[in-house]
Amino acid sequence: MSPDKLTYMANQIAKFFHSQPENEAAAGVAEHINKFWEPRMRRQLFEMTDASGEGFDPLVISALGEIRRPEAQQ
Amino acid sequence: MSNVRQKDFGTPASREDETVTLTVDGRQITVPAGTSVMRASAEAGVGIPKLCATDMVDAFGSCRLCLVEIDGRRGTPASCTTPVADGMVVHTQTERLKKLRKGVMELYISDHPLDCLTCGANGDCELQDMAGAVGLRDVRYGYNGENHVFARTSTSGETNPRYMPKDESNPYFTYDPSKCIVCSRCVRACEEVQGTFALTIESRGFESRVSAGMHEDFLTSECVSCGACVQACPTATLQEKSVIEIGTPEHAVVTTCAYCGVGCSFQAEMRGEEVVRMVPWKDGKANRGHSCVKGRFAWGYATHKDRILNPMIREKTSDPWREVSWEEALEYTAKEFRRIQHQYGRTSIGGITSSRCTNEETFLVQKLVRAGFRNNNVDTCARVCHSPTGYGLGKAFGTSAGTQDFDSVEHTDVVIVIGANPTDGHPVFGSRLKKRLRQGARLIVIDPRRTDLVKSPHIKAAHHLALKPGTNVAVLTAIGHTIVDEGLFDEAFIRERCDWSEFEDWASFVSEERHSPEATESYTGVPASELRAAARLFAQGGNGAIYYGLGVTEHSQGSTAVMALANLAMATGNIGRPGVGVNPLRGQNNVQGSCDMGSFPHELPGYRHISGGETREIFEKLWGVELDHEPGLRIPNMLDAAVEGTFRGIYIQGEDILQSDPDTHHVAAGLDAMECVVVHDLFLNETANYAHVFLPGSTFLEKDGTFTNAERRINRVRKVMTPKNGYADWEVTLKLAQALGLDWNYSHPKEIMAEIAATTPSFANVTYEYLDKAGSVQWPCNEAHPEGSPIMHVDGFVRGKGKFIRTEYVATDEKTGPRFPLLLTTGRILSQYNVGAQTRRTANSVWHAEDRLEIHPHDAEQRGIVDGDLIRLASRSGETSLRAKITDRVSPGVVYTTFHHPDTQANVVTTDYSDWATNCPEYKVTAVQVSPANGPTGWQRDYDEQARQSRRIEAVEPAE
């Protein structure tokens, strides 16, 4: 997926959770991505955030710790 | 005919609880109070002669044939208009009655042609039956008097001014005025059942005639061709052309319509394996004996010459197709899929289940992906329609489905219809809704367009909130604001059924000034006073029900809007009883079922997440394989992965993603990048232009199975003809699985249903035997709900406490500007269905031969566009050209079109923006520009050429 599109999708999710109670926001983003993002999308997310994280909503960055890193390439 | 014709009790059933006992011809019978003597007699097995009465409509009492004598009463009352009374003693056959009836029939027949033997209704004519029933042997008046029968008078040969020729303008039925007895059943059916009021009786006395519109022909009148009048007609006056052509049916099979999510039950009336006609089944619980033009008449695609009946393969999509045997096609597919997986990895292939196929077929496709491909790359067209419903209602209530049955609307006092146009998209439900509105229920329409429901004969919305496309969440949150601000919420319900602290959190959120109708008015376009009035009406008007469609879900905030609807229903206590609820109007016939059957990449059948070890174990044990615990790719993700090179093969059953999915260029690029695209369909659809294997599909008439409609109702689909392509779709998937080396054995879809029931708690008690007995059942159907669940969340929400969720409005990034100053929204029309693959191959195209762009006169004038002009519709994604239709149904700044025709392909214009939670595309908002055009766009020309090339089929060498 194009990096811009992936960033856009992650930020869109973050935008929703920004309005949710503060203590649930990061966990909400992480849960959502864990539930609906296929490993190669999560893998790309980590590749991008590991490199710089530029362009991502801060809420996405703070959710990273709770997002499951995909297992090695199948 | 007797084994085909549905029993007609003469008048509708009474709904009274109290019962009354009477005697009819010496037989005692107990019926609900309010029942007519005619119906009570019919229930006792006594058929009173009748002509103007049918149980489709209220009693009328005009034909004077159903007279009876009642002990202690004077005269001979009409049994259709006389209600039963306790102890009543009725005689249906006396000397006096015999004489009266014979006299009435004599008059009728004196003005009726005697061409029974060559008449289309021969053998299925109530007038003929009644002539027989009353023993009519002679007509003393002769046939030469004043009449409506003959074009010329028999004596002088002059033109008969009363004669009217047959109207054959409607493609599906004829109107022959010479055979009309003016019983008015058709007029009443049009009013009471369909609610269109297209028919009337013009003039009076002997001059009385049935007239469509203002003495127009049927096709150009307001008639919507639902068929109710034809069904009601006791003679050949209104008659299906198929019956005229073929003859009367000899057997009938009850089955389920394969068009929209209403899921109407039909009697397929057959002669051998030929369908003579489809007649709505009175006992069908979704449609209660009604139909629309699609289900009733538009089934001719099943035998259309365009159907592909032999499997075909080709190595490159630039090659012509080569017809091959089933074995070769399946072997080739299996080999290719295995090669791709070997080369690019286990997750490099996937499948798409069809929301037009049966539950059993859908279940098999997802099983093939999970157990055969060993990944979870399976998705379905709900991705592009109601996936936000799944997410939103799942979060709020704990399960992803409408809360009510369709009967519920009969108990509704206030209806919100948002982002749905039921009179076009879900016509039979639309008729049921209109019936309730005519009885006095109030209506709030939230829609950028002035849909027919806003104002049509005898219907007027109390409020039409004509919001700007893309502002649903702001409007719904402002309604929430008003409810909290003005103290209109149902505290007792919320305290008992929901989490009070979550409600408080939501209440304080919506209470913020920025969510007030006054603050949001500037960008939603909805006047604050109107919004407040609508909110008050919904909160205080009695039973409040919400019906919604894709105008809610197909937005970048689709899931948020669904949650906002759930909030409103909970805040006003409108959940868990008849007449209320949150009701998604589902698009396709089995989109509910395909979701239930585990078509989504993240969940197994019954909406259980794939990460749940316990659920996986149920299937792993049964299927003997280990399942991937990671979610798979959704359709747009598959296409992205294809372009990127990690996704190379796909099995698509009954779905045309190239036409139906957004941003056509991107879909085409994705498909083009794949090495093995398998399309399993009735026709060479648009997606098939990019396919390497074509597996011919079967229609709903050619297979057994079940569909689940928008009310969670599981209806039987029954085979009435042998599949023309050789196999039902479930058999094709089965054979593909076997070719892939899977040990699958099913000899009938009921065995697949048994597997579904064994693995899915909400289907635990569903069996074909039960469905045959009960007619249908609404899931959950299990030990706790052995007879199914017409209404959900009755004693508590599926998730326990109902969850209030904050719904912050986030404007879409698709914004108008100088280049693209108008907002395009898309939708459907009554006569066409979805991508049109089926309906375009029927006579329905006379009503809608092309997609048109609706544009406001103001916007048209500014651009120098006249009605019917060819215009160019452009967005940042692409451009297409189509004809303009100038109308003030759309507001200035908004344009609208349908997506039924591939040569227009509105989705060339739609963008790749999608719902934040589910990736459901934002079809309903695209910034566009409209300008005059002088021909098809370059894209349209290229596409046409490419489609023509890719549909070539190699001539087969003749056999020696």
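Data block above holds the structure.
Read on for a plain summary of the structure.

## Let's talk about the overall build of chain A
On a plain count of helices and strands, chain A comes out with 4 helices and 0 strands. Starting at the N terminus and ending at the C terminus, chain A contains elements arranged as α-α-α-α. The globule rule puts the C-alpha radius of gyration for 74 residues at 11 Å, and the 11 Å found for chain A is close to it. Referenced to the eigenvectors of the C-alpha coordinate spread, the extents of chain A come out at roughly 35 × 20 × 15 Å. Counting over 74 residues, chain A shows a buried share of 61%. Long-range pairs, those at least 24 residues apart, make up 67% of the contacts in chain A with a sequence separation of at least 6.

## Things to note about the sheet that holds strand β28 (residues 705-708) of chain B
All names here are of chain B. In spatial order, the strands read β28-β29-β30; together these 3 strands make up an open sheet with antiparallel pairing. Only two strands of the sheet have a single neighbouring strand rather than two, namely β28 and β30 (776-778). For this sheet, the mean angle separating the axes of adjacent strands, direction not counted, is 30 degrees. Relative to strand β29 (residues 713-717), β28 runs antiparallel, the two sharing 4 bridges.

## Some thoughts on the side chain of B:Glu361
Residue and element names in this part refer to chain B. One can find glutamate 361 in helix α9 (residues 359-373). In this structure glutamate 361 comes out as buried when scored by relative accessible area, which is 0%. Side-chain polar atoms of glutamate 361 contact the side chain of lysine 703, separated by 3.0 Å.

## So, the sheet that holds strand β9 (residues 251-256) of chain B
Residues and elements named next belong to chain B. Strand order in the open sheet formed by 3 strands is β9-β10-β11, with antiparallel pairing between adjacent strands. Two strands bound the open sheet, and with one partner strand each, they are β9 and β11 (274-280). Across the sheet, the axes of successive neighbouring strands diverge by a mean angle of 30 degrees, strand direction being ignored. As judged from the 6 bridges shared by β9 and strand β10 (residues 265-271), these two strands associate in the antiparallel manner.

## Some details on the nonpolar core
Residue and element names in this part refer to chain B. In this structure, Phe173 and Leu238 are the most contacted members of the largest nonpolar core, which totals 70 residues. For this core, the leading source of residues is helix α12 (residues 427-438), giving 4 residues. Judged by nonpolar contacts, the second largest core, of 62 residues, contains Leu550, Ile714, Met753 and Tyr770.

## So, the interface of chain A and chain B
At the junction of the two partners, chain A supplies 27 residues and chain B supplies 38 residues. When chain A packs against chain B, the two sides together hide about 2,800 Å² of surface, and 49% of this comes from carbon and sulfur. Our count for the chain A to chain B interface comes out at 13 residue pairs in polar contact (both at pLDDT 80 or more). Going through the elements one at a time, α1 (3-18), α2 (22-36) and α3 (39-51) of chain A are the ones with two or more residues in the side of chain A that touches chain B. Take the side of chain A that touches chain B: its biggest share by element is 8 residues, from α1(A). Broken down by class, the residue content of the side of chain A that touches chain B amounts to 11 nonpolar, 7 polar and 9 charged.

Criteria and thresholds
- Residues numbered from 1 in each chain as written.
- Chains lettered and ligands numbered in written order.
- Predicted model: local features only at pLDDT ≥ 70, side-chain atom pairs only at ≥ 80, totals over all residues.
- Heavy atoms only, no water.
- Helix = DSSP H or I, 4+ residues; strand = E, 2+ residues; numbered from the N terminus.
- Rg over C-alpha atoms; globule rule 2.2 N^0.38 Å.
- Buried < 20%, exposed > 50% of the residue type's maximum accessible area, 1.4 Å probe, protein only.
- Contact = heavy atoms within 4.5 Å.
- Pairing = 2+ DSSP bridges.
- Axes fitted to C-alpha atoms, helices over the stretch in contact; angles between N-to-C directions.
- Polar contact = N/O pair within 3.5 Å; in protein donor to acceptor, adjacent residues only side chain to side chain.
- Core = buried A, V, L, I, M, F, W, Y, C linked by side-chain atoms within 4.5 Å.
- Buried area = accessible area lost by both parts, 1.4 Å probe.
- Nonpolar A, V, L, I, M, F, W, Y, C, P; charged D, E, K, R; others polar.

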